[in-house]
Amino acid sequence: ERHILFDHYQPVAKSGATMIAYSVDEMREMIRAGLQEPNKLSAERRAFIKEMFADTLDGHSGKRIATAILNIAQGD
């Protein structure tokens, strides 16, 4: 439960794109639900990914990161 309170996880928890269990029994039910209806939160997951990453998931992230690191190293 405490990981839900971490800053980096709060957007995921608040997005509605994932199920959050607060007990072992809830986890069991969510696992069953996920297996029975794997696409149930599909629209929410797509919306969350689009909101968080916009158009950056284009296969060129590594190149952008490398360029940024080089720029920082060169003092640009």
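Model, not experiment: these values are computed from the prediction.

Calculation criteria
- Residues numbered from 1 in each chain as written.
- Predicted model: local features only at pLDDT ≥ 70, side-chain atom pairs only at ≥ 80, totals over all residues.
- Heavy atoms only, no water.
- Helix = DSSP H or I, 4+ residues; strand = E, 2+ residues; numbered from the N terminus.
- Rg over C-alpha atoms; globule rule 2.2 N^0.38 Å.
- Buried < 20%, exposed > 50% of the residue type's maximum accessible area, 1.4 Å probe, protein only.
- Contact = heavy atoms within 4.5 Å.
- Areas by Shrake-Rupley, 256 points an atom, 1.4 Å probe, with all protein chains shown as cover.
- Lys, Arg positive; Asp, Glu negative; His and termini not counted.
- Charge placed at Lys NZ, Arg CZ, Asp CG, Glu CD.
- Patch = residues over 30% accessible without salt bridge, like charges linked within 9 Å, V, L, I, M, F, W, Y side chains within 5 Å.
- Salt bridge = Lys/Arg side-chain N within 4 Å of Asp/Glu carboxyl O.
- Expected span 1.5 Å × (residues − 1).

> Mind showing me how you'd approach the overall build of the chain here?
Scanning the chain from terminus to terminus reveals 4 helices and 0 strands. Each helix (α) and strand (β) of the chain, taken in turn from the N terminus, gives the series α-α-α-α. A compact globule built from 76 residues would reach a C-alpha radius of gyration of about 11 Å, whereas the chain, at 18 Å, exceeds it by more than 25%. Counting only C-alpha atoms and orienting by the principal axes, one finds that the chain spans roughly 55 × 25 × 15 Å. Within the chain, buried positions represent 9% of all 76 residues. Considering only contacts within the chain whose residues lie at least 6 apart along the sequence, 30% involve residues at least 24 apart. Accessible surface computed for the chain: about 6,500 Å², of which carbon and sulfur atoms make up 59%. Side-chain charges in the chain split into 10 positive and 11 negative, and the spacing between the mean points of these groups amounts to 4 Å.

> Looking at this model, I keep getting lost on a nonpolar patch on the surface. Mind explaining?
There is a patch of nonpolar side chains on the surface, built from Ile-49, Met-52, Phe-53 and Leu-57 and spanning about 370 Å² of accessible area. Given the relative accessible area of 36%, Phe-53 is considered partly exposed.

> How should I be thinking about helix α4 (residues 61-74) in this particular structure?
Along an α-helix, residues three or four apart share an orientation, since each turn contains 3.6 residues. Compared with an ideal rise of 1.5 Å per residue, which puts 14 residues at 20 Å, α4 spans 20 Å between its outermost C-alpha atoms and is within 8% of the ideal. Little of α4 sits inside the fold, with 0 of its 14 residues counted as buried. A positive phi of about 80° marks Gly-75, the residue just after α4.

> I tried to follow unusual backbone geometry on my own but got confused; where do I start?
Within the chain, Ala-54 stands out as a residue other than glycine whose phi angle is a positive 50°. By secondary structure assignment, the location of Ala-54 is in the loop between α3 (42-53) and α4. Exposure remark for Ala-54: the relative accessible area of 51% places this residue in the exposed category.

By themselves these figures say nothing about function.
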